[in-house]
Amino acid sequence: MSSPDPQARAPHDAENRPEHGDSAPGVRQARNEAAARRRSPVIAVTGAASGVGAALVARLAASDEVKQVIAIDERRGDCADAQWHVLDVRDPAIADRLRGADVVVHLALDLDLETDPAARTAYNVRGTQTVLTAAAAAGVHRVVLCTSAMVYGALPDNDIPLSEDSELRATAEATGVGDLLEIERLGRRAPRAHPGLNVTVLRPAVLVGGTDTALTRYFESPRLLVVAGSRPTWQFCHVEDLVSALEYAALEKVEGELAVGCEGWLEQEEVEELSGIRRMELPSAVALGAAARLHRIGLTPSPAGDLAYTMHPWVVSVSGLHAAGWRPRWTNEEVLAELLQEVSGRHTVAGRRLGRKDAATAAGAAGATVALLGAAAAVRRARRRRGL
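Residues numbered from 1 in each chain as written. Predicted model: local features only at pLDDT ≥ 70, side-chain atom pairs only at ≥ 80, totals over all residues. Heavy atoms only, no water.

As annotated in an unreviewed UniProt entry, the protein chain is SDR family oxidoreductase from Streptomyces polychromogenes.

Looking only at helices and strands, the protein chain features 14 helices and 15 strands. Looking at the 388 residues of the protein chain, the share that counts as buried comes to 48%. Taking contacts inside the protein chain between residues at least 6 apart in sequence as the whole, the part at least 24 apart equals 77%. A total of about 18,800 Å² of accessible surface is found on the protein chain, and carbon and sulfur atoms cover 50% of it. (Helix = DSSP H or I, 4+ residues; strand = E, 2+ residues; numbered from the N terminus. Buried < 20%, exposed > 50% of the residue type's maximum accessible area, 1.4 Å probe, protein only. Contact = heavy atoms within 4.5 Å. Areas by Shrake-Rupley, 256 points an atom, 1.4 Å probe, with all protein chains shown as cover.)

Using the criterion set out here, one finds 17 salt bridges in the structure. One salt bridge connects Glu252 with Arg142, and the closest N-O pair in it is separated by 2.9 Å. One end of the pair, Glu252, is in the loop between helix 8 (239-250) and strand 11 (257-260); the other, Arg142, is in strand 5 (residues 142-146), and 110 residues separate them in sequence. In this structure Arg142 comes out as buried when scored by relative accessible area, which is 6%. (Salt bridge = Lys/Arg side-chain N within 4 Å of Asp/Glu carboxyl O.)

Together, Glu270, Glu273, Glu333 and Glu334 make up a negatively charged patch on the protein surface. Taken together, the elements giving at least two residues each to the negative patch come down to helix 9 (268-275) and helix 12 (332-343). Looking at the element boundaries, Glu273 is found in helix 9. (Patch = residues over 30% accessible without salt bridge, like charges linked within 9 Å, V, L, I, M, F, W, Y side chains within 5 Å. Lys, Arg positive; Asp, Glu negative; His and termini not counted. Charge placed at Lys NZ, Arg CZ, Asp CG, Glu CD.)

With that settled, consider helix 12. A rise of 1.5 Å per residue sets the reference length of helix 12, with its 12 residues, at 16 Å; its end C-alpha atoms lie 16 Å apart and thus fit the reference within 8%. Of the positions making up helix 12, those classed as buried are Asn332, Val335, Leu336, Leu339 and Val343. In an axial view of helix 12, the angular spread of the buried residues amounts to 100°, which keeps them on one side of the axis. In this structure, the buried residues of helix 12 make contact with strand 7 (206-208), helix 7 (214-217), strand 9 (233-234), strand 10 (236-238), strand 12 (266-267) and helix 9. Just downstream of helix 12 lies Gly345, where phi reads positive at about 90°. (Expected span 1.5 Å × (residues − 1). Arc of directions from axis to C-beta.)

Before going further, it helps to spend a moment on the pairing of strand 2 (residues 68-73). Of all six residues that make up strand 2, five are buried, and the element is covered over most of its length. Note: strand 1 (residues 42-46) against strand 2, five bridges, orientation parallel. The residue of strand 2 that forms the bridge with Thr46 is Ile72. Crossover connection from strand 1 via helix 3 (residues 51-61) to parallel strand 2: handedness right-handed. (Pairing = 2+ DSSP bridges. Right-handed = clockwise from strand over helix to strand, strands pointing away.)

Moving on, we get to the sheet that holds strand 11. Judged by pairing direction, the sheet is parallel, and its seven strands sit side by side in the order 3-2-1-4-5-6-11 without closing on themselves. The open sheet has two edge strands, strand 3 (83-86) and strand 11, and neither has a second partner. Ignoring which end each strand starts from, the neighbouring axes of this sheet average 20° apart. Two strands pair when backbone bridges link them, and strand 2 and strand 3 are joined in this way by four bridges, in the parallel orientation. Bridging across to strand 3, Ile72 finds its partner in His85. (Axes fitted to C-alpha atoms, helices over the stretch in contact; angles between N-to-C directions.)

What follows covers the packing of helix 5 (residues 117-137) against helix 6 (residues 177-193). Where helix 5 meets helix 6, the closest approach of the two axes is 10 Å, and the angle between their N-to-C directions is 15°. One element, helix 5, and the other, helix 6, form an angle in the roughly parallel class. Of the two elements, helix 5 crosses helix 6, and the hand of that crossing is right-handed. Note on element contacts: helix 6 touches helix 5 through Asp179, Glu182, Ile183, Leu186, Gly187 and Ala190, opposite Arg120, Thr121, Asn124, Val125, Thr128, Gln129 and Leu132. By residue class, the composition of the contact of helix 5 with helix 6 is five nonpolar, five polar and three charged. (Parallel < 35°, antiparallel > 145°, perpendicular 65-115°, else oblique. Left-handed = near helix turned anticlockwise from the far one by under 90°. Nonpolar A, V, L, I, M, F, W, Y, C, P; charged D, E, K, R; others polar.)

Further remarks concern the packing of aromatic side chains. Counting across every chain of the model gives six aromatic pairs. For the ring pair Phe219 and Phe236, a centre distance of 6.1 Å and an interplane angle of 55° mean the geometry is tilted. Residue Phe219 is located in the loop between helix 7 and strand 8 (224-227), and its partner Phe236 is located in strand 10; the two are separated by 17 residues in the primary sequence. Residue Phe219 shares its accessibility class with Phe236, and that shared class is buried. Stacked on the ring of Tyr248, the Lys or Arg Lys253 has its end atom at 5.0 Å from the ring centre. (Phe/Tyr/Trp six-rings, centres within 6.5 Å; stacked < 30°, edge-to-face > 60°. Lys NZ or Arg CZ within 6 Å of the ring centre and 35° of its normal.)

What follows is about the layout of surface pockets. Which parts of space are left empty comes out when a probe the size of a water molecule is rolled across the atoms. As a volume, the largest pocket reaches approximately 1,100 Å³. Lining the largest pocket are 42 residues, with Leu109, Leu111, Leu207, Thr211 and Thr213 sitting closest to its centre. Taken together, the elements giving at least two residues each to the lining of the largest pocket come down to helix 3, strand 2, strand 7, helix 7 and helix 8. Among the elements that take part in the lining of the largest pocket, helix 3 stands out by supplying three residues, more than any other. Considering only residue class, the lining of the largest pocket consists of 23 nonpolar, 12 polar and seven charged. (1 Å grid on protein atoms, 1.4 Å probe; cavity = no way out; pocket = protein on both sides within 12 Å on 5 of 7 lines; lining within 4 Å. Points joined across faces, edges and corners; volume = space filled by probe spheres on them.)

When a protein is soluble and globular, its nonpolar side chains tend to lie buried together. Core analysis: the largest hydrophobic core is formed by 61 residues, its most contacted members being Leu98, Phe219, Trp234, Phe236 and Tyr309. A total of six residues in this core trace back to one element, the largest contributor, which is helix 5. Apart from residues lying up to four places away in sequence, Trp234 is in contact with Val206, Leu215, Tyr218, Phe219, Trp265, Leu266, Gln268, Val271, Thr310, Val315 and Asn332. Formed by 37 residues, the second largest nonpolar core is a distinct cluster that contains Ile43, Val144, Cys146 and Val254. (Core = buried A, V, L, I, M, F, W, Y, C linked by side-chain atoms within 4.5 Å.)

Take a look at the structure:
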């Protein structure tokens, strides 16, 4: 009798062979458990009690793809299906709260126009540093950061649209942009300092949906300020679309540095036609000079650097998310209509929100601007009289 063909027996033997190499039951079990974690991760969210964070927590808690949601904020939010931890993200104790999490979405940022800039930077930068370090210590393998497409910078020679891998050419002259640039720097450095930790960054366009920024306040003005010779372009991102993109990132369907926003963009003329708000055109020197003076003496919260984002293009391709199958539900036209509805009844000039009495006395954009410039001049005269 001839002996059996050893090659014919090999597959059966491989299945029943005792624990050797990658076929060992313990190895297979570990792999299966790792795959299960990837399919149903535990996701932690900072800044979870309000705004984008609250919306993301609710979405993740309702998802069949998520095992558990850990919600972290300085107060407890409304989602009863999340595991809540109340603490400041700058507290190193956050590392204990992150244990067991697979992914952290860090949304605890302060970009309020009225916050003291030094305090805002201290909170944003220290908070991000602490979360990245704590995540690595807790064994988290991915952190998702959310900054803004503003980090690309608004410049007259920008491509339209910019590619997502374009150089970040913004400066720290606009509200919060310096913080966002530093957060991105920390995110790029973290994987080198903590091997095994991955960082994904999402950069939304002009965010709309319960937000208050220098760019949303632009549409509260009785007329839209246009700097002579500039070419503004507008790309919006509805909060609902940002939340769905954050869910994509949290579930690790995308990675890297990605822009989020509506497809395409609107030219200034289209914005004016859709909004029905007429423009007020000023020379560059006048507009920038007035913005700088008003901010310097404390009459407006917006520095002159904010004006660049209403002058020059900074729209970005969202090809990274598109390649992963994500699509925005909102169009630029729809988001603009939503924004105009939100700001209806508000009155802002040069970034300063006016009360009802102020708005009633401002016959139009020109009159309100003159009033603010006059107030600035009066303050300067008073300071000179006091010898300041």
